[in-house]
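Architecture at a glance
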Amino acid sequence: SINLKNNNKNNSLINNKNFFELLKKNCLQSNTNKVLEIGAGCGILASLIINHYFLKYFIIDIPNMIINSSSYLMTIFPDKKFCLPNEIKNSNDFIENDIIFLLPSQKNLLEENFFDLGINNQSFQEMDLYEVENYFNLIKKTLNYDSFFFTSNRLRKETYFFDYPWYILDNFEIKLFNKNKFHSTYKNNITYFDKILLKKNTKKKLYNLNLFKKILLKNSYSLSERLFWLKKDIKKLIRKYIIFW
């Protein structure tokens, strides 16, 4: 296991430990057999889950990130069976392996109603809305009923958190939705995150989201965050104006 006492200045490690505790409390169970993580970074959250649960773990990511996460996970789990993207011909290659890495172009190999938990940890924020839409469709397709989807992303980066195509997940029920309080302890004006935990079922409850709470979160920037984005928007506007003229 990872010793957090010697890593108390590692923001990423502590943050992922908090996410792990949230998942363990709300949705990770002894019968959780298959997990999908979209954009696993260097694999910290994956390592925490794999270390505590006997399950099959799938990671979809871009090549340079798979190099990082696979190297890390292979180092700390030498007894696990790994499958890399170049070793995958079809879904039969998933059967005998514990940790499977796929490229985004290989996501069509994943079956319907297959996973017990889906995770996106701070990578939708790096994508355009078309990519996010494709992954939302994948989540809806591949997660079992009564399974969970967890995501935490910046309120604003490449895209807005509230501009994600949440309407696609119309048969997911909101179980948790709030600001990631962990980041509020760090004076970094771009680390505002929202986190949401959804449960897939046959009822359409997503639009029961409390509108007041949505507006409150959307407008709960700190003063430093507001100034940061104001400056960024002004610079962007000036660049457009110069190009136009």
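As a starting point, this report considers the structure included with it.

**Things to note about the overall build of the protein**
Looking only at helices and strands, one finds 6 helices and 8 strands in the protein. Of the roughly 13,600 Å² of accessible surface on the protein, 54% is carried by carbon and sulfur atoms.

**So, the packing of aromatic side chains**
One pass over the structure, following the stated rule, counts 17 aromatic pairs. Seen from their ring centres, Phe124 and Tyr135 are 6.3 Å apart, and the 35 degrees between their planes marks the pair as tilted. Taken together, the residues span a long stretch of sequence, with Phe124 in the loop between strand S5 (115-121) and helix H4 (129-142) and Tyr135 in helix H4 at a distance of 11 residues. You can call Phe124 buried: its relative accessible area is 0%. Ring centres of Phe136 and Phe149 lie 6.3 Å apart, and the angle between their planes is 75 degrees; this geometry places the pair in the edge-to-face category. Of the two residues, Phe136 is situated in helix H4 and Phe149 in strand S6 (residues 143-154); the sequence distance between them amounts to 13 residues.

**A word on a nonpolar patch on the surface**
Taken together, the side chains of Leu223, Leu227, Leu230, Ile234, Ile238, Tyr241 and Ile242 make up a nonpolar region of the molecular surface, amounting to roughly 730 Å² of accessible area. Among the secondary structure elements, Ile238 is positioned in helix H6 (residues 223-244).

**Digging into the sheet that holds S5**
In space, the 8 strands of this open sheet follow the order S3-S4-S2-S1-S5-S6-S8-S7, with mixed pairing throughout. Edge positions in the sheet fall to strand S3 (82-83) and strand S7 (172-179), since each of these pairs with one other strand and no more. Relative to S5, strand S1 (residues 34-38) runs parallel, the two being bridged by 4 bridges. The residue bridging Ile38 from the neighbouring strand is Asn120, located in S5. Helix H1 (residues 11-26) contacts S5, S6, S7 and strand S8 (193-200) of the sheet and is inclined by roughly 155 degrees relative to S6. With respect to the sheet, helix H2 (residues 44-52) is in contact with S1, strand S2 (56-60), strand S4 (99-102) and S5, its orientation differing from that of S2 by roughly 170 degrees.

The rules we used
- Residues numbered from 1 in each chain as written.
- Predicted model: local features only at pLDDT ≥ 70, side-chain atom pairs only at ≥ 80, totals over all residues.
- Heavy atoms only, no water.
- Helix = DSSP H or I, 4+ residues; strand = E, 2+ residues; numbered from the N terminus.
- Areas by Shrake-Rupley, 256 points an atom, 1.4 Å probe, with all protein chains shown as cover.
- Phe/Tyr/Trp six-rings, centres within 6.5 Å; stacked < 30°, edge-to-face > 60°.
- Buried < 20%, exposed > 50% of the residue type's maximum accessible area, 1.4 Å probe, protein only.
- Patch = residues over 30% accessible without salt bridge, like charges linked within 9 Å, V, L, I, M, F, W, Y side chains within 5 Å.
- Salt bridge = Lys/Arg side-chain N within 4 Å of Asp/Glu carboxyl O.
- Pairing = 2+ DSSP bridges.
- Contact = heavy atoms within 4.5 Å.
- Axes fitted to C-alpha atoms, helices over the stretch in contact; angles between N-to-C directions.

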